[in-house]
Amino acid sequence: MNTASRAQVVLNYALLILFTFLAVYPIVGVFLASVYPPHSQPTSISPPSHFSFHNFVTAWTQGHFALYFRSSAIVAVSVVAGSTVLSILGGYALGTMRFRGSKVIFYTFILGLIIPTEATIVSLYYDIRALNLIDTWTALILVEVSGEVAFGVFWMRAAFMSAPRSLIEAARIDGASTWRLLWRIMVPFAWPAILTLMVLTFADSWNEFFLALVLTTSDQHLTAPAGLQVFSGKYTMNTPLVSAGAVIVAVPVIVVFVLLQRQFIRGVLTGAVKG
Amino acid sequence: MAGVGYQGVTKRFGDVTALSEFSLEIADGEFVVLVGPSGSGKTTALRLVAGLEALSSGNVLIGGRVINRVAPKDRDIAMVFQDYALYPQMTVQQNLAFALKMRKSPRAEIEQRVLQAAATLGITELLRRKPRALSGGQRQRVALGRALVREPQVFLMDEPLSNLDAKLRVQTRSEIKRLQEQIGTTTIYVTHDQVEAMTMGDRVVVMRDGVLAQVGSPRELYEQPADMFVAGFIGSPAMSFTAVSATSNGSGRVTLSRGDLRLEAGAARELPAEVIMGVRPEHARVWDDGTRLIGPISGRVEYVEMLGRENLVGVAVTDESRLVIDADADFGPRPGDTIAVGIQPGRIYLFDPNTQKALGRI
């Protein structure tokens, strides 16, 4: 049994409440602002005298959010699919096989985690332009996949390394090829971790703002957060409307997280708690 | 089915030699147990047959064929792992069928063989369950079943009972032995438990520091241990050792002495001046005039362990050594008491203190 003193329990809860507050405060603030009457100026976090949900309709239609959502969905789904498959393959090789140069390759991936996109954005822009891919979804997908794979490989390598060695050996003796071993044994074993990776990647890609701003120019290819930037530029004075736009953009990630929450937590705990 | 051969097999992991010049012939259908403390190389020896490790030098043979470079799946072996290594997302039925599926056996044959293996092991009603819904004993059976359905040339078992509780272990031990006798598949079984080794093996291979210490039937190892290591490892409770001086009295008699301890017995061969005397608890008794025991040796009782059926009594016989004797359950001396002990004739094992090799029994 884990026994903690009363003071410790109080301190733990105080910290938890503090951080929950810090996380929730802006979200509640934006949501409350979004239900104020149009053109009003909410000054503090308090519910309006009467709720106006019409802002959402206005924002959706005037802000072209249907268009941005399509962009974000196409990019996010492609990025999740592409980077997950590549991360599984890379993590499998680095986590279960011994080969010359594996360490160098692994640290190269880690480098991808360390270097911020901002540091490479200029050369990236010229590369994408040289490929004739400026203002395309392909550009966003390629760049984002390469970014996500850095973390993905790191994550999946750890997940596959936590598989008991005997499981791999049993499958090898049973006659499974490397390919079969991966898809029939290892992927089902690491499924919670894979699902977690997919949720994280989806959130990351959906919220992608900086790359979309630099690499795309037309409304048609803007992602939702970048579209929100354009939208808020147009309606700077209408705080409730801009807030409604922000809420709309945040909804898909929240929905995905809520739907997959249980698996997500199981994935985060993989290896941390004995099964 | 086929025999297995090791010919001068060495396995190194970096600077560590896990197995050194290991040679052994295992006959077709034989049940051989590799036993030894951890780090003795027994598991390495098993994994080399499975193809899970590549050997550094020497040859491993199955059915007379050198298989050093043959992939695990092509060696026609089945292995039972210590942690069972069941595929967690598959049902018991799928676990059993997996190897056959990989081999592309016809569906009807797979079904029939899975059912047959399940029936043999009494796990038919578990076929639809997943491993996490099984008890330790049930998982162990499924692991055995997975080996059984393949009908391999050789069974390899790596401490398959070590995760079971004591009672289940004893029960499963005899079941595995019976099963192996029934199907007659060559089996190599690794354990660190000498009781398991003695009760299951047709032959037992005692290993130490990557080297084969002795191989023989359980009785041979018990009666004629090659050295002090085997003598101490085989038999429970372990043999007690005492360093003594040996003086020949002529006419084939020898006196073993150290301090107050003095024993006289018949010795067929010449002994060095200093020897180590080994006595198994079951061969040492409380002294009783009139019995045919060698002795008496008097000593101070250090401890008494009650086992119910008998009492094990630790008796200090010299300054630095003690004899453990197997006494009747109603014999209950107190620690500190002085008692007299005798040893069955022919049951004093002697060893060379320098080489630790056996010098025979007197």
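Everything numeric here is computed off the predicted structure, so don't read it as measured data. (Residues numbered from 1 in each chain as written. Chains lettered and ligands numbered in written order. Predicted model: local features only at pLDDT ≥ 70, side-chain atom pairs only at ≥ 80, totals over all residues. Heavy atoms only, no water.)

A. Highlighting the overall build of chain A. Scanning chain A from N- to C-terminus turns up 13 helices and zero strands. Element order for chain A, N to C, with α for helix and β for strand: α-α-α-α-α-α-α-α-α-α-α-α-α. Principal axes of the C-alpha set define a box for chain A whose edges measure 70 × 65 × 30 Å. For chain A, the residues scored as buried account for 42% of the 275 residues in total. Within chain A, contacts between residues at least 6 apart in sequence are counted, and of these 73% link residues at least 24 apart. Within the structure as shown, chain A displays about 15,300 Å² of accessible surface, and the carbon and sulfur contribution to it stands at 68%. (Helix = DSSP H or I, 4+ residues; strand = E, 2+ residues; numbered from the N terminus. Buried < 20%, exposed > 50% of the residue type's maximum accessible area, 1.4 Å probe, protein only. Contact = heavy atoms within 4.5 Å. Areas by Shrake-Rupley, 256 points an atom, 1.4 Å probe, with all protein chains shown as cover.)

B. How the structure looks around the environment of Arg-172 of chain A. When you line up the elements, Arg-172 of chain A lands in helix 7 (residues 165-173). What makes Arg-172 of chain A partly exposed here is its relative accessible area of 33%. Among residues more than four places away in sequence, those in contact with Arg-172 of chain A are Gly-51, Leu-52, Pro-72 and Lys-73 of chain B.

C. Structural detail: unusual backbone geometry. A cis amide bond links Ser-236 of chain B with the next residue in sequence, Pro-237 of chain B, at an omega value of -5°. Mapped onto the secondary structure, Pro-237 of chain B falls in the loop between helix 8 (228-233) and strand 11 (240-250). With a phi angle near 55°, His-64 of chain A is a residue other than glycine that sits in the positive phi range. Mapped onto the elements of the fold, His-64 of chain A is located in the loop between helix 2 (54-62) and helix 3 (65-96). Its relative accessible area of 35% is what places His-64 of chain A among the partly exposed residues. In the Ramachandran plot, Asn-132 of chain A falls in the positive-phi region, its phi being about 65° despite a non-glycine side chain. Secondary-structure assignment places Asn-132 of chain A in the loop between helix 5 (117-130) and helix 6 (137-161).

D. Representation of the confidence of the model for chain B. Per-residue confidence for chain B averages 91 on the pLDDT scale, and 99% of its residues sit at or above 70. Overall fold confidence for the complex sits at a pTM of 0.83, while the interface term, ipTM, reaches 0.84. (pLDDT = per-residue confidence, 0-100.)

E. Fine view of the interface of chain B and chain A. Tallying the contact residues gives 24 residues for chain B and 17 residues for chain A. On the surface where chain B and chain A come into contact, there are two salt bridges. Between Glu-169 of chain A and Arg-47 of chain B there is a salt bridge; the shortest N-O distance is 2.6 Å. At the junction of chain B with chain A, the criterion picks out eight residue pairs in polar contact (both at pLDDT 80 or more). (Salt bridge = Lys/Arg side-chain N within 4 Å of Asp/Glu carboxyl O. Polar contact = N/O pair within 3.5 Å; in protein donor to acceptor, adjacent residues only side chain to side chain.)

F. Seen up close, the confidence of the model for chain A. Confidence in the prediction for chain A averages 88 pLDDT; 96% of positions are at 70 or higher. Ignoring residues within four places in sequence, the model shows residues 271-275 of chain A, a span with pLDDT below 50, making zero contacts including any to other chains.

G. Molecular detail of a nonpolar patch on the surface. Together, Leu-11, Leu-15, Leu-18, Phe-19, Phe-21, Leu-22, Val-24, Tyr-25, Val-28 and Ile-45 of chain A line one region of the surface with nonpolar side chains, adding up to about 920 Å² of accessible area. Turning to its location among the elements, Val-24 of chain A is positioned in helix 1 (residues 6-34). (Patch = residues over 30% accessible without salt bridge, like charges linked within 9 Å, V, L, I, M, F, W, Y side chains within 5 Å.)

H. Region of the structure containing the domain arrangement of chain A. Residue and element names in this part refer to chain A. Assigned domains within chain A: domain 1 (6-54) and domain 2 (64-274). Distance from the C-alpha centre of domain 1 to the C-alpha centre of domain 2: 30 Å. The interface is formed by eleven residues belonging to domain 1 together with eight residues belonging to domain 2. Of the roughly 660 Å² buried between domain 1 and domain 2, counting both surfaces, carbon and sulfur atoms make up 64%. The tally of links between domain 1 and domain 2 comes to zero salt bridges. Taken together, the connections running from domain 1 to domain 2 amount to zero residue pairs in polar contact (both at pLDDT 80 or more). (Domains from an automatic or database assignment. Buried area = accessible area lost by both parts, 1.4 Å probe.)

I. Broad picture of the nonpolar core. Counting 57 residues, the largest nonpolar core has Met-156 of chain A together with Tyr-6, Phe-22, Leu-34, Leu-156 and Ile-188 of chain B as its most contacted members. Residues in contact with Ile-188 of chain B, not counting those within four places in the same chain, are Val-4, Tyr-6, Ile-26, Val-32, Leu-34, Leu-46, Val-49, Val-154, Phe-155, Leu-156 and Met-157 of chain B. (Core = buried A, V, L, I, M, F, W, Y, C linked by side-chain atoms within 4.5 Å.)

J. Spatial organisation of the sheet that holds strand 19 (residues 338-343) of chain B. Residue and element names in this part refer to chain B. Taken in spatial order, the five strands make up an open sheet running 15-19-16-17-18, and their pairing is antiparallel. Edge positions in the open sheet fall to strand 15 (284-286) and strand 18 (322-328), since each of these has one partner strand only. This sheet shows a mean twist of 50° between the axes of neighbouring strands, independent of strand direction. Both strand 16 (residues 294-306) and strand 19 contribute to a ladder of five bridges, which runs antiparallel. Residue Ser-298 lies in a different strand from strand 19, and its bridge partner there is Ala-340. (Pairing = 2+ DSSP bridges. Axes fitted to C-alpha atoms, helices over the stretch in contact; angles between N-to-C directions.)

K. Structural context of the environment of Gly-278 of chain B. Residues and elements named next belong to chain B. Mapped onto the fold, Gly-278 is located in strand 14 (residues 274-279). In this structure the C-alpha to C-alpha distance between Gly-278 and Thr-242, which are 36 residues apart in sequence, comes to 6.5 Å. Those residues in contact with Gly-278, other than ones at most four positions away along the chain, are Met-239, Ser-240, Phe-241, Arg-347, Ile-348, Tyr-349 and Phe-351.

L. Highlighting the packing of aromatic side chains. Under the defined criterion, the tally for this structure stands at 20 aromatic pairs over all chains. With 5.2 Å between their ring centres and 80° between their planes, Trp-60 of chain A and Phe-69 of chain A make a pair best called edge-to-face. Assessed through its relative accessible area of 35%, Trp-60 of chain A is described here as partly exposed. Of the residues examined, Phe-69 of chain A reaches a relative accessible area of 17% and is grouped as buried. With centroids separated by 4.7 Å and ring planes inclined at 80°, the aromatic side chains of Tyr-6 of chain B and Phe-22 of chain B adopt a geometry described as edge-to-face. Taken as a pair, Tyr-6 of chain B in strand 1 (residues 4-13) and Phe-22 of chain B in strand 2 (residues 16-26) lie far apart in primary sequence, 16 residues in all. Grouped by ring-pair contacts, the aromatic residues Trp-60, Phe-69, Phe-202 and Trp-206 of chain A constitute a single cluster. In this structure, Arg-280 of chain B is placed above the aromatic ring of Tyr-222 of chain B, and the distance from its NZ or CZ to the ring centre is 4.3 Å. Above the ring of Tyr-349 of chain B, the side-chain terminus of Arg-280 of chain B is found at 5.4 Å from the ring centroid. (Phe/Tyr/Trp six-rings, centres within 6.5 Å; stacked < 30°, edge-to-face > 60°. Lys NZ or Arg CZ within 6 Å of the ring centre and 35° of its normal.)

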